[in-house]
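Residue strings, one per chain:
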Amino acid sequence: MSNDTLSRSGNRNNKNNKKKPSDKKAGSKKKKFTRKRVGWTLFFTAAFAIFIALAGYLFIMVSGERILTANLDKMTVNETSKVYDSEGNEISELSIENWEPAKEDEIPQLVKDAFVATEDRRFYEHNGVDLWSIARAAVKDVMARSLVEGGSTISQQLAKNVFLTRDKTFFRKATEVSIALAIERKYTKDEILTMYLNRVWFGYQEYGIKAASQFYFGKDDLNDLELWEIATLAAIPKGPSAYNPSGNPIDSKARRGVVLDLMYEQGYISKEEMEEAKEVEYTYERPKEERKYDSYVDYVLKEAEEVTGKTTDDLNIGGYQIYTAMSTQAQEAVEEAFKNDDLFEDSPDDEKVQGSMVIMDHETGSIVALQGGRDYQRQGFNRATSSYRQPGSAFKPIASYAPALETGKFTKNSSLSNEQQCFGNYCPKNLHGYSSTIGMADAITKSENIPAVWLLNQIGVGTGYDFAKKLGITMTEDDRNLSMALGGLNKGTNTLEMAAAYSAFANRGQYQEGYAITKIVNSDGKTIYEHKDDKEQVMSEETAYQMTEMMQEVVNSGTGTSARLSRPVAGKTGTTQSGISGNSANRDVWFVGYTPEYTAAVWMGYDNPDAEHMLKNSSKLAATFFSTVMEKALEGVERKEFFTPKNEIPDTPEAPPVEEPEVNVSVSGLSASYDVNQKAVSLSWKGSSAEGEKYRVYRKESSEGSFTRIQDGISDTSATDTGALPGLTYEYYVTAINPVNGEDSAPSNTVTLFIEAEEVIPEEPEQPETIPDEGDENSGENQNGNDNGENNGNGNGNGTGNGSNEGNGNGSGNGNSTGNGNGNANGNSDGNNAGNESGGGETETPDRGENSESGGGNETTPPEETVPPASETPPSTNGATTPQADTNKQDGTTP
């Protein structure tokens, strides 16, 4: 190879190995960016951050000082909020009640220790802001992705309570910090703690440690507070509504335990003191206050929280003017009636029969009166809004009749099935017998059960369910079954919901949720809330009109005659059974009705019903209450008439009478014998073998004036009477029940049976026998004599009682019937239920399969069908017409 070739080759290699200038330049730029530019960027960023932080700190310092200086008067002066009625008259002031600040030397050290341990354990170490607590709170907020942890010191809480609203925003928090720092520079720690304890909210309308001590424990001197009481008070600020001992004693005690744990951990108390204070139960009862409008004002506060998003604390001291729809005349009429014990049934002990009532102006949807119970105390349990109970037959118009009319397939003149029947395995009963058909208006007036259930089955359970929801009733999926037609609801309802629902019938089919507040104005005179009408046409005018026409007859001639007024009234009664086997008393009674001006709902019952706390009276009690209140509430109000629809109601003629097949039933060959071993009378007879034939057994003891039905609805041709007693003579006869019309056949032959007394050979007593004084009630020694005392019967023996049994004997009751008590004075007569009512009128006790003779009285209104509690209603079904299995096994009851 030549040298020239080698030279050219080497030159090419050198050229290939040489870096291009552009590559070198690019590399140098990259190196310069990563070192110098990043460094300068970080430097200027840090400098800018420091500048911003210093500027922010200076702003916070200046801002806090400025706000504090400008508003020093707020450290001692409190703004008040006021509530006004529909006429603009002040009815309540939501001010701090009995606010008397405690001086620093009046607050025991243990009280201060409890609040420091609970609210700000580093109170004496920081300068108003606890950075460690803020950092901890920030971490929790980030994890929860919301502002859940405050991290506020006592100084910050004081700043918030005095100057700021309770919303959680960054700017509000920054302002709070600035004021807290300014407060720390101006006041000592003890001064700050004293101001805090005098301004903190303790629930209800109680502000300050001194007011709280007096309110919750009746102690004006803070030195009289015991450790458990101090811990209870220290527990409240965390959640004044949730942890106050008066309204929530269980949660209050649990939170008290947390406070005591903190005090022990921080060395303020010993372990023994902690454990002892944890166990004390809160039993203090505040003196009853004679105040007006508490129920209504409490509801207004609750509604104000919802429409403004503010807390009760904000509303109490925010200087708001809250205008309401309350009618002073109507509210005072309600409150006066609730103070009248004569309008309530007597209780066997100190647990009173309770009640609630709501009155609405259905044209506007406004609540003009509301009462949450007897002896209602402010911020107490409001039964008008919080007590959910089964409405019984008062629910029939909502779930069955109105939605059926709305389908267009029925009118108030339609004929409905009234035959004794089952719907799947669900077999409701009528109280007044059966027929092939009954008119819709007549069915509502008499409050029959079968037509309501049959009608709901025809239109579909879903139709009734959806209609009830449109009327504002709280419904659950478990309510999707046929028992809904009779008010057998899973959760139940309250008087506020029922009044709003019925107001749609009164207001041409338009529903609107009840409201109390018309307008709220803040301390600057600016309107921050104003109610806007939100009417919804949930049914046609024609449906509402027909329902009103039919429910007027309920009051004129049906189960609601006690609700009559001097102006037009429409409404419906409702009663639910005890749900306790053998107990024919009632759990709840209702009347919901309306005039052309107002709609109102009344409920009565026990808060905690049990075997000893049931109502002997029926819905007549609630209807009477309605009449008493509404007459006064409407006094001086111009009388109106119910509306008439724009369109003509279709005239559906009565269906032609159905020719009922002739069914002849009879019973004969009755025989009776006494089984000594079973201690019972055995009866047997022959029937006519008609399809569906059932029987009734009647009995009369020789001293009684008439026969009493003792068993009903018997399918077999035999029965056993376990109520017959030795030493007495009884007569029996049996009738057959016609399966078509429910009427009795001619009675069978009558049999007479004397039951010989068992021979008792007494043992020779070791000591002389003590002979009870003559006339001793319940002596238990009267084997064949007559006990004419108040306790009728022998008490513990087997005697014959012919005394006044007060409706609890084997008589057919007329008012307070004088029954003939047999043996243990625990005979079977339905007369006791009717007899216990004033005037002996309506009884809502159902036919339970025996002794269904209702007590007579001076009033001839038909008795109301009753409903057992929800636990006895059939299980839910999502089908439109097919119910699930019935769990209610008591004859004569409605679900």
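Numbering of residues starts from 1 in every chain and runs along the sequence as written. Given that this is a predicted model, residues contribute local features only at a pLDDT of at least 70 and side-chain atom pairs are listed and counted only at 80 or more, while totals for whole chains, interfaces and linings are drawn from all residues. Side-chain metrics rest on all non-hydrogen atoms present in the structure, leaving aside hydrogens and water.

Chemist: Where do I start with the overall build of the chain in this structure?
Modeler: Counting from the N terminus, the helices are the DSSP runs of H or I reaching at least four residues and the strands are the DSSP runs of E reaching at least two. Secondary structure summary: the chain contains 24 helices and 21 strands in total. Counting over 895 residues, the chain shows a buried share of 52%. Look at the contacts in the chain between residues 6 or more apart in sequence, and 67% of them connect residues 24 or more apart. Summing over all exposed atoms, the chain offers an accessible surface of approximately 42100 Å²; the carbon and sulfur share of this is 47%. Burial classification: accessible surface area is computed with a 1.4 Å probe over protein chains only, and a residue below 20% of its type maximum counts as buried, one above 50% as exposed, and the rest as partly exposed. Two residues qualify as a contact provided that any one of their heavy atoms is within 4.5 Å of a heavy atom in the partner residue. Surface exposure here means Shrake-Rupley accessible area, sampled with a 1.4 Å probe, where a residue is shielded only by the protein chains that are shown.

Chemist: Whenever I open this one, the sheet that holds strand β18 (residues 708-714) confuses me. Can you help?
Modeler: Each strand in a sheet pairs with another by means of backbone hydrogen bonds, the pair being arranged parallel or else antiparallel. DSSP bridges decide pairing: two strands pair if at least two such bridges lie between them. With antiparallel pairing, the four strands of this open sheet are ordered in space as β18-β17-β20-β21. Two strands lie at the open edges of the sheet, namely β18 and β21 (751-754), each paired on one side alone. Sheet twist, expressed as the average angle between the axes of neighbouring strands with direction ignored, equals 25 degrees. Sheet topology note: the strand β17 (residues 694-701)/β18 ladder contains four bridges and is antiparallel. Axes, fitted as lines to C-alpha atoms, cover a helix only where it is in contact. Angles between the N-to-C directions of the axes lie from 0 to 180 degrees.

Chemist: For this particular structure, what's the right way to read the pairing of strand β16 (residues 680-687)?
Modeler: Consecutive side chains of a regular strand alternate in pointing toward one face of the sheet and then the other. Of the pairings in the sheet, the one linking strand β15 (residues 667-675) to β16 comprises seven bridges and is antiparallel in character. Within β16, the residue paired with Ser673 across the bridge is Ser682. Between the end of β15 and the start of β16, which pair antiparallel, lie four residues, with Lys679 showing a positive phi angle near 50 degrees. Here β16 pairs with strand β19 (residues 718-721) via four bridges, running antiparallel. Across the sheet, Ser684 pairs through a bridge with Ser718, a residue of β19.

Chemist: So what exactly am I meant to see when it comes to the packing of helix α17 (residues 396-406) against helix α20 (residues 461-470) here?
Modeler: Helices that pack against each other are described as a pair by the angle of their axes relative to one another and the distance between those axes. In the contact formed by α17 and α20, the axes pass within 8 Å of each other and the chain directions differ by 110 degrees. Considering the angle they form, α17 stands roughly perpendicular to α20. Here Ile398, Ala399, Ala402 and Pro403 of α17 lie close against α20, whose contacting residues are Thr463, Gly464, Phe467 and Ala468. The classification used treats Ala, Val, Leu, Ile, Met, Phe, Trp, Tyr, Cys and Pro as nonpolar, Asp, Glu, Lys and Arg as charged, and all other residues, Gly among them, as polar. Across the contact of α17 with α20, the residue classes tally to six nonpolar, two polar and no charged. Note on terminology: angles under 35 degrees are roughly parallel, angles over 145 are roughly antiparallel, angles of 65 to 115 are roughly perpendicular, and the others are oblique.

Chemist: Help me understand the packing of aromatic side chains, please; the structure alone is not making it clear to me.
Modeler: How two aromatic rings sit relative to each other is set out by the distance from centre to centre and by the angle between their planes. Only rings of Phe, Tyr and Trp enter the pairing, Trp through its six-membered ring, and a pair is recorded when the two centres are within 6.5 Å. The plane angle decides the type: under 30 degrees is stacked, over 60 is edge-to-face, the rest tilted. Within the structure shown, the criterion is met by 20 aromatic pairs. On the numbers, 5.4 Å between centres and 65 degrees between planes, the contact of Phe344 with Phe625 is edge-to-face. Separated by 281 residues along the polypeptide, Phe344 in the loop between α15 (328-338) and β4 (354-361) and Phe625 in helix α23 (residues 620-633) bring together distant segments of the chain. Across the pair, exposure class does not vary: Phe344 and Phe625 are buried alike. Look at Tyr594 and Phe642: their rings are 5.6 Å apart centre to centre, the planes differ by 80 degrees, and that puts the pair in the edge-to-face class. With Tyr594 in strand β13 (residues 586-594) and Phe642 in the loop between α23 and β15, this pair connects stretches of sequence that are 48 residues apart.

Chemist: Which parts of the structure should I look at to understand the state of the cysteines?
Modeler: The definition used for a disulfide is geometric: two cysteine sulfur atoms within 2.5 Å. Overall, the coordinates contain one disulfide when judged by the stated rule. Through a disulfide, Cys422 is tied to Cys427; the S-S separation comes to 1.9 Å. A torsion of 110 degrees about the S-S bond marks the disulfide between Cys422 and Cys427 as right-handed.

Chemist: What's the story with the side chain of Asn507 in this structure? I'm lost.
Modeler: With respect to the helices, strands and loops of the structure, Asn507 is situated in the loop between α21 (495-506) and β8 (510-511). Every residue in contact with Asn507, bar those within four places of it in the chain, is listed here: His362, Glu363, Gln512 and Lys535.

Chemist: I tried to follow the pattern of salt bridges on my own but got confused; where do I start?
Modeler: Any carboxyl oxygen of Asp or Glu that lies within 4 Å of a side-chain nitrogen of Lys or Arg is treated as forming a salt bridge with it. Across all of its chains, the model carries 22 salt bridges by this definition. Its salt-bridge partner being Lys219, residue Glu229 comes within 2.8 Å of it at the nearest N-O pair. Here Lys219 lies in the loop between α8 (209-217) and α9 (227-235) and Glu229 lies in helix α9, a separation of ten residues in the sequence. Looking at Lys219, the relative accessible area reads 18%, which means it is buried. Arg291 serves as the salt-bridge partner of Asp294, at 3.0 Å between the closest nitrogen and oxygen.

Chemist: Would you mind going over empty space enclosed by the protein with me for this structure?
Modeler: Gaps left between atoms are located by rolling a probe of water-molecule size over the structure's atoms. With a 1 Å grid spanning the protein atoms alone, the term cavity applies to any set of points in which a 1.4 Å probe fits but cannot get out, the term pocket to an open set with protein on both sides within 12 Å along at least five of seven lines, and the term lining residue to any residue with an atom within 4 Å of a point. Grid points are joined across faces, edges and corners, and a volume is the space filled by probe spheres set on the points. A full pass over the atoms with the stated rule returns one cavity of 30 Å³ or more. Considered as a void within the structure, the largest cavity measures approximately 30 Å³ in volume. If you go around the largest cavity, the residues you meet are Ser92, Gln205, Arg291, Asp294, Val297, Asp298 and Arg378. In terms of residue class, the lining of the largest cavity is made up of one nonpolar, two polar and four charged.

Chemist: Teacher, can you tell me more about the pairing of strand β10 (residues 527-530) here?
Modeler: Pairing between strand β9 (residues 517-521) and β10: three bridges, direction antiparallel. Paired with Val521 across the strands is Thr527, a residue of β10. Turn length for the β9-β10 hairpin, with the two strands adjacent in sequence and antiparallel, is five residues, and the turn residue Gly525 shows positive phi of about 85 degrees.

Chemist: What's the story with helix α22 (residues 541-557) in this structure? I'm lost.
Modeler: Structural remark: α-helix, 3.6 residues per turn; residues separated by three or four positions point the same way. One less than the number of residues in a helix, times 1.5 Å, gives the span that helix is expected to have. Given a rise of 1.5 Å per residue, 17 residues ought to cover 24 Å, and the 24 Å separating the end C-alpha atoms of α22 matches this to within 8%. Within α22, 13 of the 17 residues are buried, which leaves it mostly tucked inside the rest of the structure.

Chemist: Would you explain the layout of surface pockets in this entry?
Modeler: For the largest pocket, the calculated volume is near 1400 Å³. Going through the elements one at a time, α10 (240-243), α13 (294-308) and α16 (383-386) are the ones with two or more residues in the lining of the largest pocket. Broken down by element, the lining of the largest pocket gets its largest block of residues, five residues, from α13. Along the lines of polarity and charge, the residues of the lining of the largest pocket split into ten nonpolar, 16 polar and 14 charged.

Chemist: Any chance you could explain the side chain of Gln711 here in plain terms?
Modeler: Turning to its location among the elements, Gln711 is positioned in strand β18. Given the relative accessible area of 18%, Gln711 is considered buried. Counted as a polar contact is a pair of N or O atoms within 3.5 Å, where, for protein atoms, one must be capable of donating a hydrogen and the other of accepting one, and residues adjacent in sequence contribute only when both atoms are in side chains. A polar atom in the side chain of Gln711 sits 2.8 Å from the backbone oxygen of Thr720.

Chemist: What is the right way to look at α20 in this model?
Modeler: Where α20 is concerned, the buried positions are Val461, Gly464, Tyr465, Phe467 and Ala468. Here the buried residues of α20 occupy an arc of 165 degrees about the axis, which is enough to place them on one side. In the stretch just after α20, Gly472 is the one whose phi turns positive, near 85 degrees. The arc in question is the one traced by the directions running from the helix axis out to the C-beta atoms.

Chemist: Can you help me understand the environment of Thr575 in this one?
Modeler: With respect to the helices and strands, the residue Thr575 is situated in strand β12 (residues 570-577). For the pair Thr575 and Ser619, spaced 44 residues apart in the sequence, the C-alpha separation amounts to 5.9 Å. Separated by 3.5 Å, the side chain of Thr575 and the backbone nitrogen of Ser619 make a polar contact.

Chemist: Help me out: how do you make sense of unusual backbone geometry in this one?
Modeler: Glycine aside, the phi torsion of most residues is negative, and most peptide linkages are trans. Residue Tyr293 is not a glycine yet carries a positive backbone phi of 65 degrees. Looking at where Tyr293 falls in the secondary structure, it is placed in the loop between α12 (271-279) and α13. Even without being glycine, Arg508 reaches a positive phi, approximately 60 degrees. As for its placement among the helices and strands, Arg508 is situated in the loop between α21 and β8.

Chemist: Explanation requested: the confidence of the model for the chain in the structure shown.
Modeler: When pLDDT is low, close inspection of the predicted coordinates is not appropriate. The predictor rates its confidence in each residue with pLDDT, a number between 0 and 100. On average, residues of the chain score 78 in pLDDT, and 71% of them reach the 70 mark or higher. When the criterion is pLDDT under 50, residues 871-895 qualifies, and its contacts beyond four places in sequence or with other chains add up to 90 contacts.

Chemist: What should I look at first to understand the sheet that holds β16 in this one?
Modeler: Ordered by their spatial adjacency, three strands build an open sheet running β15-β16-β19, and the pairing between neighbours is antiparallel. Unpaired on one side and paired on the other, β15 and β19 mark the two borders of the sheet. The mean angle between the axes of side-by-side strands here comes to 20 degrees, regardless of whether they run parallel or antiparallel.

Chemist: Teacher, can you tell me more about the environment of Gln109 here?
Modeler: Summarising the element assignment, Gln109 is placed in helix α3 (residues 109-119). When its relative accessible area of 46% is taken as the criterion, Gln109 is described as partly exposed. In the structure, Gln109 is positioned 114 residues away from Asn223 in sequence and 9.5 Å away in space, judged by C-alpha atoms.

Chemist: Just checking my understanding: could you explain the nonpolar core for this structure?
Modeler: Buried together is how nonpolar side chains tend to be arranged in soluble globular proteins. Among the nonpolar cores identified, the biggest contains 84 residues, and Phe395, Ile398, Leu471, Met498 and Phe505 are the most heavily contacted of them. When residues in this core are grouped by element, the largest group, nine residues, is from α21. Aside from chain neighbours lying at most four places away, what touches Ile398 is Pro403, Gly464, Phe467, Ala468, Leu471, Ile473, Met498, Ala501, Tyr502 and Phe505. Nine residue types can take part in a nonpolar core, namely buried Ala, Val, Leu, Ile, Met, Phe, Trp, Tyr and Cys, and a core is a set of them joined through side-chain atoms within 4.5 Å. Residues Ile107, Ala114, Val200 and Ala277 belong to the second largest nonpolar core, which totals 43 residues.

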